[in-house]
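Breakdown of the fold
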Amino acid sequence: MSAKKDANFATQCIHGGLSPDPQTGAVMTPIYQTSTYAQEEPGKHKGYEYARTGNPTRTALQDNLAAIEKGKFGICFSSGLAAMDNVLRLLQPGDEVLASDDLYGGSYRLLTAVFGPFGIKSRFIDMRDPANVEREISKDTKMLWIETPTNPMLNIVDIEALTAISKDHGIISVVDNTFASPYLQQPLTLGADIVLHSATKYLGGHSDVVMGAVILNDEETAKKLYYLQNAAGAVPGPQDCFLVLRGIKTLHLRVQRACENARQIVKVLQNNDLVANIYYPGLEDHPRHEIAKKQMRDFGGMVSFDLKEDTLEAATQVMKNTHYFTLAESLGGVESLIGHPASMTHASIPREQRLSVGLTDSLIRLSVGVEDVEDLVSDLEGALAAAVSTSVD
Ligand SMILES: *Cc1c(COP(=O)(O)O)cnc(C)c1O
């Protein structure tokens, strides 16, 4: 049964926006695998005409997403970047996006290589200090693109402070909430205009689907985005919508366990002589620890670190020797992943720019999964030990 408005988060994950199938009573939302819908007479139908425009499985997911992000409207796209692409189409040539200088590589590429030639300007700035963001706003700035925690440096920016500034200047604020998931933070409640997700990550949660989503409160902007969803057509299929709906039912359990496991992993890294820097917002000496505590329920399952021997070779030795941490791009699934941003997710960002934000050659990023933490700890300790013995040889 659909969740009541005041229901808490886990209840919203399982029930938010959902009700049993009106036709059959099926408790789980059916996969409406159809491209078109019968009409009684021309123009007389049950609310669905063609599946690019609408599909009941997608509608259920969109309503569920709105519930878990505490927004009015949810809109799904075929990937996180397709969601971003549609959000950027709200802008006009000459408009400028101010984005965080420590941004998901694909977002950087979309802004610079795809929208740049169409006259949408973007600048990448340090958003950790809100005063700096305010200083950087120009007369053309129309959108603030916020990521927090950032990828892969796990920087934290103060959502409430930045959305207050964007409101003062009449700028649309967008928060890419992929890393935190709505279990950890709900940017709309902190003043954001638009929340964006790569649902491929924590929302789907099982590394078996690619999808994006946008959640917002403003009806006029929502209408524009529904229009674009249909007009540009980057829609997800019903099977994928079903998978993400199913993923969200355990979002709170998965993210909670990932947070607990990450905390233990960080302790192991702190006690290892090979490790140079650890990036994790749960550390008390993380420069924005207090803000993370203020705006997040817990500190997430993402941990980055680099090595005292700051070379790709040293990092490769570690990554080659893990067993459960699978070397792969992406994050947010039940299984633990290990990755090398400089050569993988962030390869499209110039090296100078990478180094200027601390993204060194040996930086390793972990997406801590929900396995038994003892197994993850011994896996990582073993891989670090193997890297030492190889470097001694
Ligand atoms: C993966 C990711 C994206 C892009 O999403 P896709 O589903 O891969 O298109 C955007 N932002 C962040 C933070 C991501 O991790």
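Bear in mind the structure is a predicted one, so any value in this text is a computation, not a measurement. Each chain carries its own residue numbering, running from 1 in the written order of its sequence. Thresholds applied to this predicted model are a pLDDT of at least 70 for local features of residues and 80 or more for the giving and counting of side-chain atom pairs; totals over whole chains, interfaces and linings are not thresholded and use all residues. Side-chain numbers come from the whole structure's heavy atoms, not from hydrogens or water.

Note that the residue after Thr 148, namely Pro 149, is joined by a cis bond; omega there is -5 degrees. Numbering of helices and strands runs from the N terminus, with a helix taken as a DSSP run of H or I at least four residues long and a strand as a DSSP run of E at least two residues long. Note that Pro 149 resides in the loop between β4 (141-147) and α6 (159-168). Of note, the amide linkage connecting Asn 151 to Pro 152 takes the cis form, showing an omega dihedral of 5 degrees. Non-glycine residue Ser 181 carries a positive phi angle of around 70 degrees. Position of Ser 181 among the secondary structure elements: in helix α7 (residues 181-184). One non-glycine residue, Ser 330, lies in positive phi territory at about 85 degrees. Tracing the backbone shows Ser 330 in the loop between β10 (326-327) and β11 (337-339).

UniProt positions are given in the numbering used here, feature names are shortened, and annotations may be inferred rather than shown by experiment. Under the local residue numbering, the UniProt record ascribes the feature "modified residue: N6-(pyridoxal phosphate)lysine" (unreviewed entry) to Lys 201. Looking at where Lys 201 falls in the secondary structure, it is placed in the loop between β6 (194-198) and β7 (212-216). The buried label applies to any residue whose accessible area, calculated with a 1.4 Å probe on protein chains only, is under 20% of its type's maximum; exposed applies above 50%, and partly exposed to all values in between. A residue is classified by how much of its surface remains accessible, and Lys 201, at 10% relative accessible area, is buried.

Moving on: the packing of aromatic side chains. Two rings from Phe, Tyr or Trp (for Trp, the six-membered ring) form a pair when their centres sit within 6.5 Å of each other. Planes less than 30 degrees apart are called stacked, planes more than 60 degrees apart edge-to-face, and all others tilted. Tallying each qualifying case throughout the model produces 5 aromatic pairs. Taken together, a centroid distance of 6.5 Å and an interplanar angle of 80 degrees make the contact between Phe 73 and Tyr 226 edge-to-face. Of this pair, Phe 73 sits in strand β1 (residues 73-77) while Tyr 226 is found in helix α8 (residues 219-232), placing the two residues 153 residues apart along the sequence. In our convention, an over-ring charge means Lys NZ or Arg CZ found within 6 Å of a ring centre and within 35 degrees of that ring's normal. Stacked on the ring of Tyr 104, the Lys or Arg Lys 201 has its end atom at 5.1 Å from the ring centre.

Our focus in this paragraph is helix α2 (residues 56-68). Expected span of a helix: the number of residues minus one, times 1.5 Å. Helix length check: α2 (13 residues) gives 19 Å between terminal C-alpha atoms against 18 Å at 1.5 Å per residue, within 8%. Of all 13 residues that make up α2, 10 are buried, and the element is covered over most of its length. Downstream of α2 by one or two residues, Lys 70 has phi in the positive range, about 55 degrees.

All right, on to the sheet that holds β1 then. The pairing of strands in a sheet happens through backbone hydrogen bonds and is either parallel or antiparallel. Criterion used throughout: strands pair if DSSP finds at least two bridges between them. With mixed pairing, the 7 strands of this open sheet are ordered in space as β1-β7-β6-β5-β4-β2-β3. Only two strands of the sheet have a single neighbouring strand rather than two, namely β1 and β3 (121-125). Direction aside, the axes of adjacent strands within the sheet are offset by 20 degrees on average. Against the sheet, α2 makes contact with β1 and β7, and its axis sits at roughly 125 degrees relative to β1, the strand it touches most. Working rule for contacts: check all heavy atoms of both residues, and any pair within 4.5 Å makes them a contact. What counts as an axis is a line fitted to C-alpha atoms, over the stretch in contact for a helix, and the angles between N-to-C directions run from 0 to 180 degrees. Relative to the sheet, α8 contacts β1, β6 and β7, its axis offset from that of β1 by approximately 25 degrees.

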